[in-house]
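# Tertiary structure, described
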Amino acid sequence: MKYIRLGDLLVKSGTITQEKLDEALKLQADTGERLGTVLQKHGFITEKQLIDTLMSQLGVEFIDLNSFTIPSEMAQVLPKNIAKKYSVVPVRVTRTDIRIAMADPLNFVAIEEVQSVTRRRVIPLIAASAAVDRAVQNLYSNQGAMRAIEDMRRDLLGSQYGGAGDAALPQITAVDEDEADAAPAIRLVNSIIDRACTEGASDIHLEPGEGSMTIRMRIDGILRPIIPVPRELQNSVISRMKIMARMDIAQKNIPQDGRANVTVRQETLDLRISTLPTIYGEKVVVRLLRKSPELSTLEGIGLEGENRERFCRLVDRTTEGVILMVGPTGSGKTSTLYAMIGRLKSDEVNLVSLEDPVEYHIDGVCQVQINDKTGLTFANVLRSVLRQDPDIIAVGEIRDGETAEIAMRAAMTGHLVLSTVHTNNAVSSVDRLLDIGVEPYLIAGAVKGIVSQRLVRRLCPHCRQAYTPSPEELAALGMAPGDALFYRPGGCGECFGTGYRGRVGVFEILEVTSAMRRAIHARSLKELEAAVAAANFHPMMENCRRLVQDGITTPEEIYRVLGDG
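Summary of the structure given here. Note that residues are indexed from 1 along each chain, following the sequence as it is written. Local features in a predicted model are, by the rule used here, given only for residues with pLDDT of at least 70; side-chain atom pairs are given and counted only at 80 or more, and totals for whole chains, interfaces and linings are based on all residues. Remark: hydrogens and water are excluded; side-chain values derive from all non-hydrogen atoms of the structure.

Another aspect to go through is the sheet that holds strand E3 (residues 121–126). Strand pairing in a sheet relies on backbone hydrogen bonds. The paired strands run either parallel or antiparallel. Any two strands between which DSSP finds at least two bridges are classified as paired. In this description a helix means any DSSP run of H or I spanning at least four residues, a strand means any run of E spanning at least two, and both kinds are numbered starting from the N terminus. Strand order in the open sheet made by the three strands is E1-E2-E3, with mixed pairing throughout. Edge strands, defined here as strands with exactly one partner in the open sheet, are strand E1 (88–93) and E3. Along the sheet, successive strands turn relative to each other by an average axial angle of 30 degrees, direction set aside. One ladder, built from six bridges, connects strand E2 (residues 97–102) with E3; its direction is parallel. Bridge pairing links Arg99 to Ile123 in E3. The axes are straight lines fitted to the C-alpha atoms, using for helices just the contacting stretch, and the angles between their N-to-C directions are given from 0 to 180°.

Salt bridges are identified by distance alone: a Lys or Arg side-chain nitrogen within 4 Å of an Asp or Glu carboxyl oxygen. For the structure on display, the rule yields 25 salt bridges. Glu61 serves as the salt-bridge partner of Arg99, at 3.8 Å between the closest nitrogen and oxygen. One end of the pair, Arg99, is in strand E2; the other, Glu61, is in the loop between helix H4 (47–58) and helix H5 (74–77), and 38 residues separate them in sequence. Of the charged contacts in the structure, one is a salt bridge between Arg216 and Glu207, with a shortest N-O distance of 2.9 Å. Relative accessibility decides the category of a residue: with a 1.4 Å probe and only protein chains considered, values under 20% of the type maximum give buried, values over 50% give exposed, and everything between is partly exposed. Judged by relative accessible area, which is 15%, Glu207 ranks as buried. Each of Glu306, Arg310, Arg313 and Glu511 takes part in a single network of salt bridges with overlapping partners.

Moving on, we come to the packing of helix H14 (residues 378–385) against helix H15 (residues 401–412). Relative orientation and spacing of two packed helices are given, respectively, by the angle between their axes and the distance between those axes. Here H14 crosses H15 at 20 degrees, and the two axes come no closer than 8 Å. Put simply, H14 runs roughly parallel to H15. As H14 packs across H15, the resulting crossing turns out to be left-handed. On the side of H14, the interface is formed by Phe378, Ala379, Leu382 and Arg383, while H15 contributes Glu402, Thr403, Ile406 and Ala407. Of the residues assigned to the contact of H14 with H15, the class counts are five nonpolar, one polar and two charged. For classification, angles of less than 35 degrees are called roughly parallel, those exceeding 145 degrees roughly antiparallel, those between 65 and 115 degrees roughly perpendicular, and all remaining angles oblique. Handedness of a crossing follows from how the near helix is turned relative to the far one, being left-handed for an anticlockwise turn of less than a right angle and right-handed for a clockwise one. Should any heavy atoms of two residues lie within 4.5 Å, those residues are counted as being in contact. Note on residue classes: Ala, Val, Leu, Ile, Met, Phe, Trp, Tyr, Cys and Pro are nonpolar, Asp, Glu, Lys and Arg are charged, and everything else, Gly too, is polar.

A word on the nonpolar core. For this analysis, a nonpolar core means a set of buried residues of the types Ala, Val, Leu, Ile, Met, Phe, Trp, Tyr and Cys, connected via side-chain atoms within 4.5 Å. Ranked by internal contacts, the top residues of the largest apolar core, which has 47 residues, are Leu39, Leu65, Ile70, Val89, Val91 and Val114. Looking at this core element by element, the count peaks at six residues for helix H8 (residues 129–159). Excluding residues within four positions of it along the chain, Leu65 makes contact with Ile70, Val89, Val91, Ala101, Ala127, Ala131, Val132 and Ala135. Membership of the second largest hydrophobic core comes to 44 residues, among which are Leu434, Ile443, Leu528 and Val532.

Here we take up the pairing of strand E13 (residues 392–395). Of the two faces of E13, the one lined by Ile392 and Ala394 and the one lined by Ile393 and Val395 are each fully buried. Note that strand E11 (residues 351–355) and E13 share four bridges and pair parallel. In the strand pairing of E13, Ser353 is matched with Ala394. Bridge count between E13 and strand E14 (residues 416–421): four bridges; the pairing is parallel. When the sheet's bridge partners are listed, Val395 is paired in E14 with Ser419. For the segment spanning E13, H15 and E14, crossover handedness is right-handed. Handedness rule for crossovers: strands pointing away from the viewer, path from the first strand over the helix to the second running clockwise, crossover right-handed.

Attention now moves to the sheet that holds strand E6 (residues 222–230). If you walk across this open sheet you meet the six strands as E6-E5-E4-E9-E8-E7, and the pairing is antiparallel. Strand pairing shows two members of the sheet lacking a second neighbour, E6 and strand E7 (256–264), which therefore form its edges. For this sheet, the mean angle separating the axes of adjacent strands, direction not counted, is 20 degrees. Contacts from helix H9 (residues 184–199) reach strand E4 (203–208), strand E5 (212–219), E6, E7, strand E8 (267–278) and strand E9 (281–290) within the one sheet, and its direction differs from that of E5 by about 25 degrees.

We now examine the pairing of E3. Across the six residues that make up E3, a large majority, five, are buried. In this fold, E2 hands off to helix H7 (residues 108–118), which returns the chain to E3; that crossover is right-handed.

With that settled, consider the packing of aromatic side chains. Stacked, edge-to-face and tilted are the three classes for Phe, Tyr and Trp ring pairs, Trp counted by its six-membered ring, which pair at centre distances within 6.5 Å; planes under 30 degrees apart are stacked, over 60 edge-to-face, the rest tilted. Overall, the coordinates contain one aromatic pair when judged by the stated rule. For the pair Tyr467 and Phe486, a centre-to-centre distance of 6.3 Å together with 85 degrees between the ring planes defines the contact as edge-to-face. Placement of the pair is Tyr467 in strand E16 (residues 465–467) and Phe486 in strand E17 (residues 486–488), with a sequence separation of 19 residues. In this pair, the class of Tyr467 matches that of Phe486, namely buried. Any Lys NZ or Arg CZ that is within 6 Å of a ring centre and within 35 degrees of that ring's normal is treated as a charge sitting over the ring. Arg464 extends its terminal NZ or CZ atom over the ring of Tyr487, reaching a point 4.1 Å from the ring centre. The ring of Tyr467 carries the charged tip of Arg488 above its face, separated from the ring centre by 3.9 Å.

Take the environment of Ser514 next. On the secondary structure map, Ser514 appears in helix H19 (residues 514–521). Residue Ser514 is classed as partly exposed on the basis of its relative accessible area of 49%. The spatial distance from the C-alpha of Ser514 to the C-alpha of Ala531 is 8.9 Å, given a sequence separation of 17 residues.

To continue, consider H7. Within H7 the residues assigned to the buried category are Phe108, Ala110, Ile111, Val114 and Thr118. One side of H7 carries all its buried residues, which in axial view fall inside an arc of 160 degrees. The outward face of H7, more than 90 degrees from its buried face, is lined by the exposed residues Val109 and Ser116. Lining the buried residues of H7 we find H5, helix H6 (80–86), E1, E2 and E3. Looking one or two residues past H7, Arg119 carries a phi angle of roughly 60 degrees, positive in sign. By construction, the arc corresponds to the directions joining the helix axis to the C-beta atoms.

We now examine the side chain of Lys333. Turning to its location among the elements, Lys333 is positioned in helix H13 (residues 333–344). We count Lys and Arg on the positive side and Asp and Glu on the negative side, and we leave His and both chain ends out. Within the buried set, Lys333 has no salt-bridge partner at all; the shortest N-O distance to an opposite charge, 7.1 Å, is to Glu397. In protein, a polar contact means a hydrogen-donor-capable atom and an acceptor-capable atom, both N or O and within 3.5 Å, with residues adjacent in sequence counting only if both atoms are side-chain atoms; elsewhere, any N or O pair within 3.5 Å suffices. At 3.1 Å, the side chain of Lys333 and the backbone oxygen of Pro328 are in polar contact. Look past the residues within four positions of Lys333 in its chain and what remains in contact with it is Met325, Val326, Gly327, Pro328, Thr420, Val421, His422 and Gln453.

Structure follows, in structure tokens:
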């Protein structure tokens with residue numbers, strides 16, 4: 001390929017003007033970044049415009065890495081350090097040529113380095129930057145996992161003839177699947193955790209089956225299969241996980257829970273590890289908790305617009321009483337609770353939180369780890385906290401009537417209590433409290449507000465496709481017929497072919513009025529529903545409709561999360 005400057009290509013094709021190019025070149029001189037990166041970062045061009053220009057001007061072929069399966073043997077052709085350094089990935093090789101996917105096919109330094117290492121002529125292909133980075137990580141991560149599996153099989157075969165196994169493994173402190181000296185089980189588990197971080201997974205599921213153990217990861221709320229592990233190796237992998245969490249590896253017939261701290265590419269993670277006996281062995285679920293400061297902000301949990309105003313009004317004006325965060329498991333209640341704590345904590349208040357487990361450490365907050373085995377239950381600790389002169393008490397979860405009653409009584413004596421409850425919506429949380437035995441007068445007197453929420457997947461802004469919804473689709477969302485424009489998922493390099501990228505919260509915020517208190521005190525669901533209808537209450541479906549109309553999510557995603565009702 002003839003040496004040519006990217007700026008000249010973009011100006012020649014009319015993608016940018018000479019003035020914009022000069023401005024970008026000045027910015028590049030300050031940062032030292034490649035021109036294509038500067039142009040995209042500052043909004044002069046999009047990645048699609050860059051790809052289209054290079055394809056048309058240079059005749060470079062585009063490759064969609066999300067639909068292309070890279071053979072695992074490609075990891076042997078190009079060293080991982082070269083692939084990561086230049087963000088290139090080999091996709092096909094012959095005796096004389098190597099095709100590499102790269103976001104910047106004009107990076108001649110990278111091309112020459114690959115040519116020197118592989119001793120083959122390089123044919124560059126253009127791909128989306130995010131897709132290249134993901135392909136590099138997955139190719140070499142899978143290579144590490146496969147190599148570890150082969151080593152484990154060899155060790156297992158050797159142990160059958162008197163060879164030493166790897167039963168006693170050291171505590172992990174850092175995740176690096178390239179540690180050549182580490183035992184194969186360690187390298188395999190490290191590789192799995194590293195892959196989970198790359199994919200942005202919230203959970204890892206290790207599921208024993210009849211023929212093999214399947215590794216699945218929950219990405220944007222959806223479980224996806226990643227890699228199978230041979231059945232004869234599952235005990236080693238599970239034992240490694242249990243050792244990390246300081247569990248008893250000899251106990252295989254009872255559920256166990258534990259925690260571990262790991263470092264992945266300079267990011268510290270907390271792992272919550274749980275085991276459960278099944279007919280094919282122990283199933284392990286690992287929850288990945290990232291210590292992100294964004295969780296302490298309203299932007300981090302997705303609160304905006306009118307819901308943000310309601311939330312701030314409820315939190316800022318409530319000095320005593322109970323504020324509840326409600327929703328099913330995995331709906332983001334804990335993140336909202338932390339955002340509320342972050343907003344309320346200050347040097348002037350004594351804020352104590354009771355958590356099981358403590359997921360994120362917050363400066364200025366006294367955090368208590370609940371431990372049922374030692375008698376540190378929510379109810380017992382809550383009684384003790386009331387003797388610690390608290391202003392605000394955050395109770396991680398109300399699970400039983402005793403904890404709920406103590407929290408309500410604490411609120412009625414001048415404390416502000418924040419907590420979460422597992423219910424489907426704001427109104428049904430009152431039924432839940434009544435069901436676990438809390439007296440109606442306590443609920444009516446103590447509860448000031450209820451925040452109900454869910455998480456829905458965001459449409460990828462780079463590939464979403466507009467369409468006109470049918471009258472039936474509009475009716476299902478409770479919308480009148482009209483000229484509405486909805487969007488459906490496409491699939492591109494930015495979203496790894498799924499059509500979705502990230503998640504956003506949908507909320508309904510109920511501020512309890514005097515009419516609602518009377519209905520709760522009378523235990524009348526009919527009166528409560530009438531009081532809610534009379535109040536300025538916006539149900540969650542309104543929030544969902546706005547997100548669909550704004551092209552942030554899809555009707556199908558709303559139905560998946562909320563159901564048809």
